[in-house]
Amino acid sequence: MELKDLVANYKLLVATLRNVLSVFFIFFVFVIFFTYKEFKISNFSIYYPYPDFFHSISISFFLFIKNATLPHGLLLINVNPFDLIYVDVYSALALSIILSLPFTMYFAISYISPALYKKEKKAILYMILPSILLFLLGALFAFYIILPLLFKVVIVFATNFNVEPTMSVLGFFSLVVKIILLTGLSFEMPVVIVFLSYINLVSPDTWLKNWRYAVVVSFFIALLVSPGATGGLIETIIGITLSTLYFAGAIISKFVYKNQEIEKK
């Protein structure tokens, strides 16, 4: 690769990063400084943005997570004076990442597309929708199974120790975001398996042959995702779920590989 090609590639990379950060910054400013208000025309409602830092979209996002995951009996407390500000910023960051993700994927694919073969481009396009769906499935799994179970265990332990079950607001939100994000990413395992087999980097038989190592890795990931306060219950649920996803990805990759062989003939 010549120097001018390196310079051109560097400029393209800088432009891509600038576009990603610009979109992210726009969403961040919007969700942390604006709320939405309703304007009614007859029977129709129109929502429009309205500047309001103290009732912003990021605060509404936090309240939604709090109301959906915090069980009755567990009390959130503000330990430090600036914890609520940190929570607002973290909420805005998390929401901005979610909203800007489609644009980030578009910019990233546009950047790497010239360097990919036709087969690799086709594989990436096929993987976009399953990746999004599996991440959402993982997030919902954490939202409706892992987190409620975790908080119930916290309440039981606190009750047995005869203390008030409380949790700092910053610790609560950080824990929720961490578990949802890590669980969503870990659910991408089948996509990675099928993609690597589709581009002939790893054969389907290799995945099935090394299933024991995969199960060990699945439970290791479960240890990383889980806060480790449930006596192994959550770790077991996550480990079994990830192992199941691994086998599903390995089986699907085998069908994909066979279809490729048929197309070649």
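Here the residue numbers are simple positions, counted from 1 along each chain's written sequence. Totals for whole chains, interfaces and linings use every residue, but because this is a predicted model, local features are given only for residues with pLDDT of at least 70 and side-chain atom pairs only at 80 or more, for both listing and counting. Neither water nor hydrogens contribute to the side-chain values; these are computed over all heavy atoms in the structure.

Notes on the overall build of the protein chain
(1) Moving on: Counting its secondary structure elements, the protein chain contains nine helices and four strands.
(2) Moving on: Once the C-alpha set of the protein chain is aligned to its principal axes, its extents read approximately 65 × 45 × 45 Å.
(3) Moving on: Relative accessibility decides the category of a residue: with a 1.4 Å probe and only protein chains considered, values under 20% of the type maximum give buried, values over 50% give exposed, and everything between is partly exposed. Here the protein chain holds 265 residues, and the buried ones make up 34% of them.
(4) Moving on: Note on contacts: a residue pair is in contact if any heavy atoms of the two residues lie within 4.5 Å. Relative to all contacts within the protein chain whose residues are 6 or more apart in sequence, the contacts with residues 24 or more apart total 75%.
(5) Moving on: In these tables, accessible area is a Shrake-Rupley quantity obtained with a 1.4 Å probe, and a residue counts as shielded only by the protein chains included in the view. When the accessible area of the protein chain is evaluated, it comes to approximately 16700 Å², of which 72% is carbon and sulfur surface. Put simply, DSSP H or I for four residues or longer makes a helix, DSSP E for two residues or longer makes a strand, and each gets a number counted from the N terminus.

What about the packing of aromatic side chains?
(1) Moving on: Pairing of aromatic rings covers Phe, Tyr and Trp, the last counted by its six-membered ring, and requires centre-to-centre distances within 6.5 Å; plane angles under 30 degrees mean stacked, over 60 mean edge-to-face, and any other angle means tilted. Summed over all chains, the structure comprises 17 aromatic pairs.
(2) Moving on: A ring pair is formed by Phe-27 and Phe-103, whose centres lie 6.0 Å apart and whose planes are at 45°; its orientation type is tilted. Highlighted residues: Phe-27 in helix H1 (residues 3-33) and Phe-103 in helix H3 (residues 83-112), separated in sequence by 76 residues.
(3) Moving on: You can call Phe-103 partly exposed: its relative accessible area is 39%.
(4) Moving on: For the ring pair Phe-33 and Phe-53, a centre distance of 5.8 Å and an interplane angle of 35° mean the geometry is tilted. Of the two residues, Phe-33 sits in helix H1 while Phe-53 sits in the loop between strand E2 (44-51) and helix H2 (57-69), which places them 20 residues apart along the sequence.

Considering the nonpolar core
(1) Moving on: Only buried Ala, Val, Leu, Ile, Met, Phe, Trp, Tyr and Cys residues count toward a nonpolar core, and they belong to the same one when joined by side-chain atoms within 4.5 Å. Grouped together as the largest cluster of nonpolar side chains are 47 residues, with contacts concentrated most on Phe-151, Phe-172 and Ile-238.
(2) Moving on: If near-sequence neighbours (up to four positions away) are discounted, Phe-151 is found in contact with Thr-69, Pro-71, Leu-74, Met-167, Phe-172, Leu-175 and Val-176.

Focus: the environment of Val-31
(1) Moving on: Along the chain, Val-31 turns up in helix H1.
(2) Moving on: Classification of Val-31 by relative accessible area gives buried; the value is 1%.
(3) Moving on: It is 22 Å that separates the C-alpha atoms of Val-31 and Pro-81, two residues lying 50 residues apart in sequence.
(4) Moving on: If near-sequence neighbours (up to four positions away) are discounted, Val-31 is found in contact with Ser-56, Ile-57, Ser-58, Ala-92, Leu-95, Ser-96 and Leu-99.

Re a nonpolar patch on the surface
(1) Moving on: Taken together, the side chains of Phe-39, Ile-41, Phe-44, Ile-46, Tyr-48 and Tyr-50 present a nonpolar region at the surface, about 600 Å² in accessible area.
(2) Moving on: Elements with a contribution of two residues or more to the nonpolar patch: strand E1 (34-41) and E2.
(3) Moving on: Counting residues per element, the nonpolar patch draws most heavily on E2, which supplies four residues.
(4) Moving on: Tracing the sequence through the fold places Ile-46 in strand E2. Patch membership requires over 30% relative accessible area and the absence of a salt bridge. Like charges are linked within 9 Å, and nonpolar side chains (Val, Leu, Ile, Met, Phe, Trp, Tyr) within 5 Å. Salt bridges are counted wherever a side-chain nitrogen of Lys or Arg sits within 4 Å of a carboxyl oxygen of Asp or Glu.

Quick look at the layout of surface pockets
(1) Moving on: Using a grid of 1 Å spacing that covers the protein atoms alone, one calls a set of points a cavity when a 1.4 Å probe fits there but cannot get out, and a pocket when the set is open and has protein on both sides within 12 Å along at least five of seven lines; lining residues are those with an atom within 4 Å of a point. Grid points are joined across faces, edges and corners, and a volume is the space filled by probe spheres set on the points. In this structure, the largest pocket encloses a volume near 1100 Å³.
(2) Moving on: Lining the largest pocket are 33 residues, with Ile-98, Leu-101, Phe-135, Leu-136 and Leu-181 sitting closest to its centre.
(3) Moving on: Of all the elements in the fold, those that place two or more residues in the lining of the largest pocket are H2, H3, helix H4 (118-160), helix H5 (169-186) and helix H6 (189-198).
(4) Moving on: Sorting elements by how many residues they give to the lining of the largest pocket places H4 first, with 11 residues.
(5) Moving on: In this classification, Asp, Glu, Lys and Arg are treated as charged, Ala, Val, Leu, Ile, Met, Phe, Trp, Tyr, Cys and Pro as nonpolar, and every other residue, Gly included, as polar. Residues belonging to the lining of the largest pocket are distributed by class as follows: 30 nonpolar, two polar and one charged.
(6) Moving on: The volume enclosed by the second largest pocket comes to roughly 220 Å³.
(7) Moving on: What lines the second largest pocket is Ile-32, Phe-53, Phe-54, Ser-58, Ile-59, Phe-62, Leu-63, Leu-84, Ile-85, Val-87, Asp-88 and Val-89.
(8) Moving on: Put simply, the parts of the chain that give the lining of the second largest pocket at least two residues each are H2 and H3.
(9) Moving on: Among the elements that take part in the lining of the second largest pocket, H3 stands out by supplying five residues, more than any other.

Notes on the packing of H5 against helix H8 (residues 211-225)
(1) Moving on: Remark: H5 packs on H8, axes separated minimally by 10 Å, with the N-to-C direction vectors making an angle of 160°. The angle between H5 and H8 places the two elements in the roughly antiparallel class. Regarding H5 and H8, the two cross each other, and that crossing is right-handed. Between H5, through Lys-178, Ile-179, Leu-182, Thr-183 and Ser-186, and H8, the contact on the second element is made entirely by Ile-221, Leu-224 and Val-225.
(2) Moving on: A class-by-class count of the residues in the contact of H5 with H8 yields five nonpolar, two polar and one charged. Angles shown run from 0 to 180 degrees and are taken between the N-to-C directions of axes, each axis being a line fitted to C-alpha atoms and, for helices, limited to the stretch in contact. To sort the angles, those under 35 degrees are grouped as roughly parallel, those over 145 as roughly antiparallel, those from 65 to 115 as roughly perpendicular, and the leftovers as oblique. By convention, the crossing between two helices is left-handed when the near helix turns anticlockwise from the far helix through less than a right angle, and right-handed when the turn is clockwise.

Any functional reading would require information that these geometric values do not contain.
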